[in-house]
Amino acid sequence: MWLPHRPVASRTPGVRLFAFPYAGAGASALHHWLAPLHDYAEVCAVQLPGREERRAEPAQRQANVLVRQLAEVIAPLMDDTPAIFFGHSMGAMLAYELAVVLEREGGPAPVHLVLSSLTPPHAPRRTPNIHRMSRDRALEALQQMGGTPAEFLSDPDLMDLMLPVVQADIELLLSARGNTGGGVVDVPITALTGTADFLAPVNEVREWRRYSASGFRLRVYDGGHFHLIDHRSDVMALLEGIVRER
């Protein structure tokens, strides 16, 4: 199931917020993290293959295949309700690529893109090649990136389950280069990053303004690649404001 936490609503919501996961994350983490927004939008956290209740399925490693699958699932839910796409890192890549594909094919487009900690298509991708590393080197790289709880990294059994998914997701993220040709979308983009995010430096994230024909905003928070964890309340306030605009 692609949207396992989608509520069974008795009425059409004012807006749907589709949330796309970062590498290794499942839908439940996003659903709970976005809990403050549940009163304002129908939060649809996307569950990708290879994790949680879909852990028996192989994780997808090619962005063009996964984006096509997502389009088939999500487009029908955008016909009657405005949609906002939100993603962090790998999730931001999926949100952007999906928006480009939907718009190019004349389908429903999101009314806003919120892209966290991702450089635009023309910029270098600094994500380490974790999918090609040994177990020990991959764990070291994850620790440097942040975002993975220390108790996870210190639990060998848990990491044996989690690491292959993360490695597949990194390969997925890096496969997206050139998929859409860096298309400009007629959708407002709000880009987020951290002052010390070495994977998505401020000066490069700012260049997302070249990819929107409908306006651009940049928000910079103190912190690294997972700045949004330390500044959850600020990010929630930003997302709530975008939701209320609709």
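Scope of this entry: the structure provided in the associated data block. Keep in mind it's a predicted model, so treat the numbers as computed, not measured. Within any chain, residue numbers begin from 1 and follow the written order of that chain's sequence. With the structure being a predicted model, the display of local features is reserved for residues of pLDDT at least 70 and the display and counting of side-chain atom pairs for 80 or more, all residues being used for whole-chain, interface and lining totals. The side-chain numbers reported here are obtained from all heavy atoms of the structure, hydrogens and water having been left aside.

With that settled, consider the overall build of the protein chain. Per the convention used, a helix needs a DSSP run of H or I reaching at least four residues, while a strand needs a run of E reaching at least two, with both numbered from the N terminus. In terms of helices and strands, the protein chain carries 9 helices and 6 strands. By the convention used here, residues are in contact when the closest approach between their heavy atoms is within 4.5 Å. In the protein chain, 80% of the contacts between residues at least 6 apart in sequence involve partners at least 24 apart.

Here we come to the packing of aromatic side chains. Each Phe, Tyr or Trp ring, with Trp reduced to its six-membered ring, pairs with another whose centre is within 6.5 Å; inter-plane angles below 30 degrees give stacked pairs, above 60 give edge-to-face pairs, and intermediate values give tilted ones. Counting across every chain of the model gives 7 aromatic pairs. Taking 6.4 Å as the distance between ring centres and 5 degrees as the angle between the ring planes, the aromatic pair formed by W33 and F86 counts as stacked. On the criterion of sequence distance, the pair formed by W33 in helix 1 (residues 27-33) and F86 in strand 3 (residues 83-88) is long-range, its members being 53 residues apart. Three labels apply to residues, based on accessible area from a 1.4 Å probe with only protein chains included: buried if under 20% of the type maximum, exposed if over 50%, partly exposed otherwise in between. W33 sits in the buried class, given a relative accessible area of 17%. Here Y96 and W208 contribute two aromatic rings whose centre-to-centre distance is 5.0 Å and whose plane-to-plane angle is 65 degrees, an arrangement assigned as edge-to-face. Here the residue Y96 occupies a position in helix 3 (residues 90-104), and W208 occupies one in the loop between helix 7 (202-205) and strand 6 (216-221), the gap between them amounting to 112 residues. W208 matches Y96 in its accessibility class, with the two residues each being buried. Three or more aromatic residues link up through ring pairs in this structure, and these residues are F18, F20 and F85. Whether a charge lies above a ring is judged from NZ of Lys or CZ of Arg, which has to be within 6 Å of the ring centre and within 35 degrees of the ring normal. The aromatic ring of W2 is capped on one face by R54, whose charged end is 4.2 Å from the ring centroid.

Running from N to C, helix 2 (residues 63-74) and helix 3 cross one another at 65 degrees; their axes reach a closest spacing of 9 Å. As far as their axial angle goes, helix 3 and helix 2 are roughly perpendicular. The handedness of the crossing between helix 2 and helix 3 is right-handed. Where helix 2 abuts helix 3, its residues A63, L66, V67, R68, L70, A71 and I74 lie against M93, L94, E97, L98, V101 and L102. Helix axes are fitted only over the stretch in contact, all axes being lines through C-alpha atoms; the angle between N-to-C directions runs from 0 to 180 degrees. Each angle gets one of four labels, with under 35 degrees taken as roughly parallel, over 145 as roughly antiparallel, 65 to 115 as roughly perpendicular, and the rest as oblique. Note on convention: the crossing is left-handed when the near helix lies turned anticlockwise from the far helix by less than a right angle, right-handed when the turn is clockwise.

Relative to the assigned elements, A196 resides in the loop between strand 5 (189-194) and helix 7. Along the chain, A196 and H225 lie 29 residues apart, while their C-alpha atoms are 7.3 Å from each other. Residues within four places of A196 in sequence aside, it is in contact with G223 and G224.

This paragraph deals with the sheet that holds strand 4 (residues 112-116). The pairing criterion for strands is at least two bridges between them, as found by DSSP. Reading across from one edge, 2-1-3-4-5-6 is the order of the 6 strands in this open sheet, with parallel pairing throughout. The sheet terminates laterally at strand 2 (42-45) and strand 6, the two strands that pair on one side only. Adjacent strand axes in the sheet meet at a mean angle of 15 degrees, parallel and antiparallel pairs treated alike. As paired strands, strand 3 and strand 4 are joined by 5 bridges and run parallel to one another. Bridge pairing links F85 to L113 in strand 4. Sheet strands in contact with helix 3 are strand 1 (16-20), strand 3 and strand 4, and its direction is about 145 degrees off that of strand 3. Packed onto the sheet, helix 9 (residues 232-244) meets strand 3, strand 4, strand 5 and strand 6 and runs at close to 165 degrees relative to strand 6.

Let's shift gears to unusual backbone geometry. Note: most residues except glycine have negative phi, and most peptide bonds are trans. Positive phi values are uncommon outside glycine, yet E52 reaches one of about 50 degrees. Along the chain, E52 turns up in the loop between strand 2 and helix 2. At S89, a position not held by glycine, the phi torsion is positive, near 60 degrees. In this structure, S89 sits in the loop between strand 3 and helix 3.

Strand 4 sits mainly inside the fold: 5 of its 5 residues count as buried. What you see with strand 4 is no split at all: H112, V114 and S116 on one side and L113 and L115 on the other are buried throughout. Look down the strands so they point away from you; if the path from the first strand over the helix to the second goes clockwise, the crossover is right-handed. Handedness of the β-α-β unit built from strand 3, helix 3 and strand 4 comes out right-handed. As judged from the 4 bridges shared by strand 4 and strand 5, these two strands associate in the parallel manner. By the bridge assignment, L113 is partnered in strand 5 with I189.

Just geometry here; none of it tells us what the structure is for.
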